[in-house]
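Breakdown of the fold
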Amino acid sequence: MTRAELFSQIQKKSSFLCVGLDPDLEKIPAHLLSEPDPIFSFCKQIIEETADFAVAYKPNIAFFEALGAKGWETLAKVTELIPKDIFTIADAKRGDIGNTSKLYAKAFFESMNFDSITVAPYMGKDSVTPFLEFENKWVILLALTSNIGSLDFQLIEDQNGKPLYQSVLEKSQEWGSPENLMYVVGATRGELIGEVRKLAPDHFFLVPGVGAQGGSLSEVAKYGMNSTCGLLVNSSRGIIYASGEKDFGKAARKEAQMLQEEMKVLLEKYL
Ligand code: OMP
């Protein structure tokens, strides 16, 4: 999917919602456990109920690969269910020496046909560029993450007072463009999102951390939105575990709709 197509979906749906698929056998409703593939049944219903409000889905690969070979099969089936006009993100946080990254890219872009993958920048240019060589596919590079551990490295300043995440943003823009490179910027980072926006005015940001991690959607929009929205805001647990009972699909729909309605207002305000 191109950047223009993504923006057009955002306008069509008045939404920049990414629904995170983090399905956990210990958290999904108990009645699904007797199904042949409980994780598939869970994700199927979540997708069916939320697709009207979402412009992206982000399966978190850990939740599938933890189930072994069957988990990978489930991931493939779930990915096929996602409507073709909705952007797909393999949240795999990969990155390795060049020839290994190339095969990670083949796995997620060719074997599984994801539109994008999350990538860690730590190993540098040759670990990231193999992912950027695929047409109409995207790298979503970790810049400023939502977790407390982001303080350990990402905010460390160099001798000129520049935090490491800023060097990641500057350097990586030599490798990709706003047409194939996005950044992960945590919703829990408030006004720092504005600093990231100054350094990457045109790039899309994948913003996790609203909902269960407490980030504010209105702050994210205030500091992060650009003229083509430039935001995909993810919520996983806040949507998919809105209810632990048989009505989980409807509860997820309600949460997704509430976020979309808030997003519609923010798009009208800032676009
Ligand atoms: P919830 O907190 O349940 O909405 O889930 C957040 C999702 O986003 C999880 O799948 C995380 O792995 C992911 N995530 C973060 O929470 N923080 C980050 O900084 C980056 C990610 C990510 O790359 O998606």
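So, here's what we can say about the structure.

What counts, and where the lines are drawn
Residues numbered from 1 in each chain as written. Predicted model: local features only at pLDDT ≥ 70, side-chain atom pairs only at ≥ 80, totals over all residues. Heavy atoms only, no water. Phe/Tyr/Trp six-rings, centres within 6.5 Å; stacked < 30°, edge-to-face > 60°. Helix = DSSP H or I, 4+ residues; strand = E, 2+ residues; numbered from the N terminus. Buried < 20%, exposed > 50% of the residue type's maximum accessible area, 1.4 Å probe, protein only. Lys NZ or Arg CZ within 6 Å of the ring centre and 35° of its normal. Axes fitted to C-alpha atoms, helices over the stretch in contact; angles between N-to-C directions. Parallel < 35°, antiparallel > 145°, perpendicular 65-115°, else oblique. Left-handed = near helix turned anticlockwise from the far one by under 90°. Contact = heavy atoms within 4.5 Å. Nonpolar A, V, L, I, M, F, W, Y, C, P; charged D, E, K, R; others polar. Core = buried A, V, L, I, M, F, W, Y, C linked by side-chain atoms within 4.5 Å. Pairing = 2+ DSSP bridges. Right-handed = clockwise from strand over helix to strand, strands pointing away.

Scanning the entire structure with this criterion turns up 6 aromatic pairs. Between Trp 72 and Phe 108, the aromatic rings sit 6.4 Å apart at their centres with planes inclined by 50 degrees, giving tilted as the arrangement. Taken together, the positions of Trp 72 in helix α4 (residues 69-81) and Phe 108 in helix α5 (residues 98-111) put the pair 36 residues apart, joining distant regions of the chain. Phe 108 gets classed as buried once you look at its relative accessible area, which sits at 1%. Between Phe 87 and Trp 138 the ring centres are 6.2 Å apart and the planes differ by 85 degrees, which places this aromatic pair in the edge-to-face class. Here Trp 138 lies in strand β5 (residues 138-144) and Phe 87 lies in strand β3 (residues 87-94), a separation of 51 residues in the sequence. Each of the two residues, Phe 87 as well as Trp 138, counts as buried. A connected cluster of aromatic rings, assembled from ring pairs, spans Phe 42, Tyr 241 and Phe 248. Sitting over the face of the ring of Phe 40, Lys 77 holds its NZ or CZ atom 4.5 Å from the ring centroid.

Interaxial distance between α5 and helix α6 (residues 125-132) falls to 8 Å at its minimum, and their mutual angle equals 30 degrees. The pairing of α5 with α6 is recorded here as roughly parallel in orientation. Crossing handedness for the pair α5 and α6: right-handed. Listed contacts from α6 to Gly 98, Ser 101, Lys 102, Tyr 104, Ala 105 and Phe 109 of α5 are Asp 126, Ser 127, Pro 130 and Phe 131. Of the residues contributing to the contact of α5 with α6, the split by class is 5 nonpolar, 3 polar and 2 charged.

Phe 16, Phe 87 and Leu 232 are the most contacted members of the largest nonpolar core, which totals 87 residues. With residues near it in sequence (within four places) discarded, Phe 16 still touches Ile 10, Val 55, Leu 217, Met 225, Cys 229, Leu 231, Leu 232, Val 233, Met 263, Leu 266 and Leu 267.

Glancing now at the pairing of strand β7 (residues 205-208). Both faces of β7 are covered, namely the face carrying Phe 205 and Val 207 and the face carrying Leu 206 and Pro 208. Both strand β6 (residues 181-185) and β7 contribute to a ladder of 2 bridges, which runs parallel. Paired with Val 184 across the two strands is Leu 206, which belongs to β7. With helix α9 (residues 192-199) bridging β6 and its parallel neighbour β7, the resulting β-α-β unit is right-handed. Inspection of the sheet shows β7 paired to strand β8 (residues 231-235) by 4 bridges, in the parallel sense.

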